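Structure assessment
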Amino acid sequence: MMKNLIKQIKHILGINNAQAQQISEPSLLEKYVQFSQAPADWQNHVGLAPFLHEDFKNDVQVIIHEGSYKNSKKYPELLWVRLLATYENYFIGELLDMPQYLNTIQKGDELLFSTHPNAQYPFLVSETYMLEREQWHISPCNACGFNELFDMPADLMAQQTKNSSFTTHCAFCGGLQSVQHLAI
Ligand SMILES: [Zn+2]
């Protein structure tokens, strides 16, 4: 099992100690020390259980991506991940498959992912995205209700001509989501 969860999580998130200290409080990173490594906690997780392998209850199919196709020019891939830990709606697992097209992610990598009631599958997230996410309102997709993005909101905003809001396409179904920057 994991020898040093915090160290591993920092590695997964791709951040060093100095960056970790700059993360606003309370940080998800701090909560990660509370990640449970007890299989019962993901096997009985309401949002995750439906996606677990029928016979191998520690394995789950997750949408792995490097951003939306529009931005990354790479299609997300549905790959098997073996669960290692969970906290609330977040999960850490080891990638069991080698991606076909994504080249920054490899078999054996430990990844952070989440679930959403309207998502067709669990999906890869990053701490950077989740921190930035707090500054935005993303309306649920008009077709499926999914209200997360595979891209950084600020990256999408930079491609827009308007200043505070824009419309984008749902990563799962291609429906419309409107994204608005919250006043700080
Ligand atoms: Zn959708």
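Since we're looking at a predicted model, the values are computed, not measured. (Residues numbered from 1 in each chain as written. Predicted model: local features only at pLDDT ≥ 70, side-chain atom pairs only at ≥ 80, totals over all residues.)

Of regular secondary structure, the chain possesses seven helices and eight strands. For the chain, the residues scored as buried account for 24% of the 184 residues in total. Pairs at least 24 residues apart make up 52% of the contacts formed inside the chain by residues separated by at least 6 positions. (Helix = DSSP H or I, 4+ residues; strand = E, 2+ residues; numbered from the N terminus. Buried ≥ 20, exposed ≤ 12 C-beta atoms within 10 Å, placed from the backbone. Contact = placed C-beta atoms within 7 Å.)

For the chain, per-residue confidence averages 85 on the pLDDT scale, and 80% of positions sit at 70 or higher. By mean pLDDT, helix α3 (residues 28–31) is the weakest element of the chain at 55, and strand β1 (residues 59–64) is the strongest at 98. (pLDDT = per-residue confidence, 0-100.)

Relative to strand β2 (residues 77–87), β1 is paired through six bridges, and the arrangement is antiparallel. Counterpart to V60 in the pairing with β2 is V81. Where β2 and strand β3 (residues 90–95) come together, six bridges link them in antiparallel fashion. Paired with L83 across the two strands is G93, which belongs to β3. Connecting β2 to the antiparallel partner β3 that follows it, the hairpin turn spans two residues, and E88 within it adopts a positive phi of roughly 50°. (Pairing = 2+ DSSP bridges.)

This part takes up the pairing of strand β8 (residues 176–181). Judged from the three bridges that link them, strand β6 (residues 136–138) and β8 form a sheet pairing that is antiparallel. Counterpart to H137 in the pairing with β8 is Q180. Here five bridges tie strand β7 (residues 165–169) to β8, and the two strands are oriented antiparallel to one another. By the bridge assignment, T167 is partnered in β8 with S178. From the end of β7 to the start of β8, which pair antiparallel, there are six residues, and G174 there has a positive phi angle of about 85°.

Even without a glycine there, the phi angle at K73 is positive, about 60°. Even without being a glycine, E88 presents a positive backbone phi close to 50°. Assignment of secondary structure puts E88 in the loop between β2 and β3.

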